[in-house]
Amino acid sequence: AKQRGKACFVRYADGMKEPVLAHMQLGGELRRALENDEFRVVYQPIMRLDGTRMIGVEALIRWHHPARGEVGPAEFIPAAESTGLIVPLGRFVLRETCRQAAAWLAEFGPDALEEAGLNVSARQLHDPDFVADVAGALADSGLPCERLVLEVTESAVLRGQQVSRALFELDRMGIRLALDDFGTGESSLSLLRAFPAAIIKLDKSFVDGIEIDDGRPADARQAVARAVSQLARALGLDTVAEGVESAEQAAVLRDLGYTVGQGFHLAEPMTADGVSSLLARQRSA
Ligand code: C2E
Ligand code: CA
Ligand code: CA
Ligand code: CA
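Throughout, a residue's number is its position along its own chain's written sequence, starting from 1. A letter from A marks each chain and a number from 1 marks each ligand, given out in the order of writing. Residues qualify for local features only when their pLDDT is at least 70, as the model is predicted, and side-chain atom pairs are given and counted only at 80 or more; totals for whole chains, interfaces and linings, by contrast, use all residues. Heavy atoms throughout the structure, all of them, feed into the side-chain values; hydrogens and water do not.

A. Up close: the overall build of the chain. Regarding its fold elements, the chain presents twelve helices and nine strands. For a compact globule of 285 residues, the expected C-alpha radius of gyration is about 19 Å, and the chain comes in at 19 Å, within 12% of that figure. Taking the principal axes of its C-alpha atoms as reference, the chain extends roughly 55 × 45 × 45 Å. Expressed as a percentage of its 285 residues, the buried residues of the chain come to 51%. Long-range contacts, defined as pairs at least 24 residues apart, comprise 69% of the intrachain contacts of the chain with a sequence gap of at least 6. In this description, accessible areas are obtained by the Shrake-Rupley approach with a 1.4 Å probe, and a residue is regarded as covered only by the protein chains that are shown. With the model as given, the accessible surface of the chain reaches about 13,600 Å², and the carbon-plus-sulfur share is 52%. Labels follow the DSSP assignment, with helices taken as runs of H or I lasting at least four residues and strands as runs of E lasting at least two, numbered in each case from the N terminus. All radius of gyration figures rest on C-alpha atoms, and the globule criterion is 2.2 Å times the number of residues raised to 0.38. With a 1.4 Å probe rolled over the protein chains alone, any residue whose accessible area is under 20% of its type maximum counts as buried; one over 50% counts as exposed, and the rest are partly exposed. Any two residues whose heavy atoms approach within 4.5 Å are treated as being in contact.

As structure tokens, this is what we get:
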């Protein structure tokens, strides 16, 4: 079955969008859901923009609610963060992703997948056990540390000493850090000095409409996208263009210096089995 990241607003029987359920109440539900094993991880391939090859995946969490069906992260991550449940939830995603990525490498060989990424919230980076959790997940799964990518946002990174210490420690362990949604924050550039990033993920908002030639000499989106790719190259960082929804966008991004992207045009989030099929096809190609 196809699964769109946009997914489903949670709807109640009366057809209304989910009201602002008190986070505490949703927190209780999330705790129950964790115990009932209702969370799943789907994986969105990260592809070469020419479509020839999958280089990695990003893990994205889904909640399979017994009554409401699939619930997307936008509906529950904020409550999970404010109640602290993101810590056990994030640990689940971490362990599951490491286990799965190691299984893919074992089945399809060391060249099958360069990286497996997952999202990390500020709240997790504040958790004093986080670095040990990551080390434990790598050790238990046998996934080599350089295959793991932790995606963090600017707002998460700008949280002071404890977070900064954790990020440098992860970097020292050989884990790669990606700056997610790059360009949407207020200090993206100074961040690159303060933080050991290996990958920049150009935010979807710069990719939306990037293919539209409005005749003006300097389309802002294209100018930003080009500047980011040049900056990344100068700093020796890898890039991923996010939210690539059409062949036209992929072509423009390639002209602007990108080789790798993520988006519905390239591949949608899919189950682990879906990724296995892609890897099998890639191997025999
Ligand atoms: P994100 O990290 O920026 O992840 C990319 C989101 O964009 C995903 O939505 C993905 O399905 C969607 N997407 C991918 N390609 C396209 C495209 O071409 N067009 C459009 N319109 N959307 C696209 P999703 O899975 O709903 O996740 C939303 C956000 O929830 C993520 O944004 C991330 O911030 C957060 N999230 C997801 N899983 C986790 C998790 O395990 N832990 C934490 N802390 N946050 C998570
Ligand atoms: Ca992400
Ligand atoms: Ca993103
Ligand atoms: Ca985002």
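What follows continues from the structure just given.
B. Here's a closer look at the environment of Thr-52. With respect to the secondary-structure elements, Thr-52 resides in the loop between β1 (39–48) and β2 (54–65). Taking the C-alpha atoms as reference points, Thr-52 and Gln-282, separated by 230 residues in sequence, lie 8.7 Å from one another. Polar contact is the term for a pair of N or O atoms within 3.5 Å; when the atoms are in protein, one must be able to donate a hydrogen and the other to accept it, and sequence-neighboring residues count only if both atoms are side-chain atoms. One polar contact links Thr-52 to Asp-50, side chain to side chain, over a distance of 2.6 Å.

C. Representation of the site of ligand 1. Near is defined per residue: the residue qualifies when any heavy atom it owns lies within 4 Å of the molecule or strand. The full set close to ligand 1 counts 22 residues, and Arg-62, Asn-119, Ser-121, Glu-245 and Phe-264 are the nearest of them. For ligand 1, a nitrogen atom lies 2.9 Å from a polar atom in the side chain of Ser-121. Within the backbone of Phe-264, an N or O atom sits 2.8 Å from an oxygen atom of ligand 1. Coverage of ligand 1 by the protein chains reaches 83% of its 800 Å² of free accessible surface. At the level of secondary structure, the elements contributing two or more residues to the shell around ligand 1 comprise β2, α3 (86–108) and β6 (176–182). It is β2 that contributes the most residues to the shell around ligand 1, four residues altogether. Residue classes in the shell around ligand 1 are distributed as nine nonpolar, six polar and seven charged. Under the convention adopted here, Pro, Cys and the residues Ala, Val, Leu, Ile, Met, Phe, Trp and Tyr are nonpolar, Asp, Glu, Lys and Arg are charged, and Gly plus all remaining residues are polar.

D. View of helix α5 (residues 130–141). Taking 1.5 Å per residue, twelve residues should reach 16 Å; α5 reaches 17 Å between its end C-alpha atoms and fits that length. Residues Phe-130, Val-131, Asp-133, Val-134, Ala-137 and Leu-138 constitute the buried set of α5. For α5, the angular spread of buried residues about the axis comes to 165 degrees, placing them on one side. Residues Ala-132, Ala-139 and Asp-140 are exposed on α5 and point more than 90 degrees away from its buried face. Check the buried side of α5 and you find it contacts α3, α4 (122–126), β5 (148–152) and α7 (161–172). Gly-142 lies just past α5 and shows a positive phi near 80 degrees. Here, expected helix span is obtained from the residue count minus one, scaled by 1.5 Å. What the arc describes is the spread of directions from the helix axis to the C-beta atoms.

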